Amino acid sequence: MVNDPTSGSASRSWLYQPEFRADWARCSLFSLATWLNGMAFRDINFSLTGRPVIKIAEIKNGLSGQTKYTEAEYDPALLVKSGDMLFSWSGQPETSIDVSWWRGRDGWLNQHIFKVLPDTDRCTIDFFFYLLKYLRPSFVGIARNKQTTGLGHVTRRDLEAITVGIPSLSEQRAIASILGALDDQIELNRKMSATLEAMAQALFKSWFVDFDPVRAKAEGRDTGLPPEIAALFPDSLEAWELGEIPTGWRITSLGDITSFEYGKPLKAEDRRKGPIAVYGSNGIVGWHDEPLVSGPGVVIGRKGNPGTVTWAQNDFFPIDTTFYAMPKAQDCLHFLFHALRDQDLAHLSADSAVPGLNRNQAYMSKQVLPPSKLLTRFDSTVAALFRRGFQAAEESKTLAALRDALLPKLISGELRVTDAERILEKSA
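Here's what I pulled together on the structure shown here. These numbers were taken from a predicted model, which means no experiment stands behind them.

## Quick notes on the pairing of strand S19 (residues 297–301)
It is a general feature of regular strands that their side chains alternate between the two faces of the sheet. With five of five residues buried, S19 is to be regarded as a mostly interior element. Neither face of S19 is left uncovered, since the one carrying Gly297, Val299 and Gly301 and the one carrying Val298 and Ile300 both have all their residues buried. Pairing of S19 with strand S20 (residues 309–312) involves four bridges; the strand directions are antiparallel. Residue pairing for S20: isoleucine 300 is matched across the bridge by valine 309. In the sheet, S19 pairs with strand S22 (residues 322–327) via four bridges, with the strands oriented antiparallel. Residue pairing for S22: valine 298 is matched across the bridge by alanine 325.

What follows is the structure in structure tokens.
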């Protein structure tokens, strides 16, 4: 039995019934799975260790500094493990009501989320996931119709009222295989991009924070670098106010190597459809048809989420909750990006009701600066990694668009599997 505290809370005055192929079996959506609702974590002792409490925020953004943990034990049925299917049934209709795979560590399921266990005798797990994706417009409409104080919900009664068409298990597997292959490549690209970013960050730390090549040369060890790159590093360290730094390098302030320029207001209703990414203090917030800044570039959160540092690969439009960094020397943008991330600018936020980054304070932050030849070499090396990551991200956009086009046609039966396979062959 599903624990659904909202099962009788609101009557439905609107319900969209999706279409399916006429020869497919019909049944209630609710009947195809077990829907386990999470629990309300009230009056419990949270701790710094233990299992995380998985809320909608964790599903959308992963574990963060806002995640709560507990050492307590609960019903094992409410333990969420990697690979479990989760359906957020309450919240902002357009942004919260959705189905997702959980990919994080084991944790306890919070209320407003169903753990979904499909009846595998009637429906494969992967097909059911894509079925819920296909039904998302229905869920959003239901939740919007019942919105109160900005929130809406999809209840057990709603799930029972939705009739779906189900093909044979073999056809379900074929459909899920096509969509899953696209999702697998998108995930592979995401992991590759994350790996390339981690490589760039590790290189910055090795060269400009830990000074590994310098220490190796000072100790008579091989740096592990090509000779032409190793030659750019000195073989000794000298004492400065920040501690030891490589001989011949200097300590400067951020204000000497960059300026923080203000972004400009651009309300959502004023944005025109286009390929230009609009950046807020926490990354991309929309799209526009005209850039403010030529890319690549670096965006710094000013208000709302101050101190965040984001890379923009192409031309972009930073809004007024951000700064964008303008380097005062050539061939050092990637160095500047990693240096700003290493500075932990969030701690410089102004003490006010709405936290903000004071750029004059940021300018006074000290920064170790290597010679220009080494800066240029670092930037050219890291730029190649970033380009590869960007290419993977662009490929993922294309794959996601193809998946989103095929999904409703396959899940509804409008498009046959053989036809979808021919489309994939042509796109490849």
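Don't stop here, the text continues.
## Some thoughts on unusual backbone geometry
Omega for the bond connecting glycine 295 with proline 296 falls within 30 degrees of zero, at 0 degrees, which places this linkage in the cis form. Among the structural elements, proline 296 can be located in the loop between strand S18 (283–288) and S19. Not every positive phi belongs to a glycine, and histidine 112 is a case in point at roughly 75 degrees. Counting through the fold element by element, histidine 112 comes out in the loop between strand S9 (107–109) and strand S10 (113–118). On the basis of relative accessible area, histidine 112 is assigned to the partly exposed category, the value being 29%. Even without being a glycine, aspartate 344 presents a positive backbone phi close to 55 degrees. Mapped onto the elements, aspartate 344 comes out in the loop between helix H10 (333–343) and strand S23 (349–350).

## Description of the packing of aromatic side chains
Scanning all chains against the criterion turns up 29 aromatic pairs. Here the aromatic residues Phe204, Trp207, Phe208, Phe211, Phe233, Trp249, Phe335 and Phe378 are joined through ring pairs into a cluster of three or more. The ring centre of phenylalanine 46 lies 5.1 Å from the NZ or CZ of lysine 68, which sits over that ring. When the ring centre of phenylalanine 323 is taken as origin, the NZ or CZ atom of arginine 302, which lies over that ring, is 5.9 Å away.

## Let's talk about H10
The buried count for H10 comes to eight of eleven residues, which makes it a mostly enclosed element. Residues Leu333, His334, Phe335, Leu336, Phe337, His338, Ala339 and Leu340 constitute the buried set of H10. Just beyond H10, the residue with positive phi is aspartate 344, at close to 55 degrees.

## Focus on the pattern of salt bridges
Inspection of every chain in the model, using the stated rule, returns 21 salt bridges. Across the pair aspartate 289 and arginine 272 runs a salt bridge, and its minimum N-O distance is 2.9 Å. Residue aspartate 289 is located in the loop between S18 and S19, and its partner arginine 272 is located in the loop between strand S16 (258–262) and strand S17 (276–280); the two are separated by 17 residues in the primary sequence. Of the residues examined, aspartate 289 reaches a relative accessible area of 37% and is grouped as partly exposed. Notably, a salt bridge pairs aspartate 404 with arginine 403, separated by 3.0 Å at the nearest N-O pair. In the salt-bridge network here, residues are joined through shared partners; they are Arg21, Asp23 and Glu171.

Parameters and conventions
Residues numbered from 1 in each chain as written. Predicted model: local features only at pLDDT ≥ 70, side-chain atom pairs only at ≥ 80, totals over all residues. Heavy atoms only, no water. Buried < 20%, exposed > 50% of the residue type's maximum accessible area, 1.4 Å probe, protein only. Helix = DSSP H or I, 4+ residues; strand = E, 2+ residues; numbered from the N terminus. Pairing = 2+ DSSP bridges. Phe/Tyr/Trp six-rings, centres within 6.5 Å; stacked < 30°, edge-to-face > 60°. Lys NZ or Arg CZ within 6 Å of the ring centre and 35° of its normal. Salt bridge = Lys/Arg side-chain N within 4 Å of Asp/Glu carboxyl O.

Without other data, these values stay purely geometric and don't point to any function.
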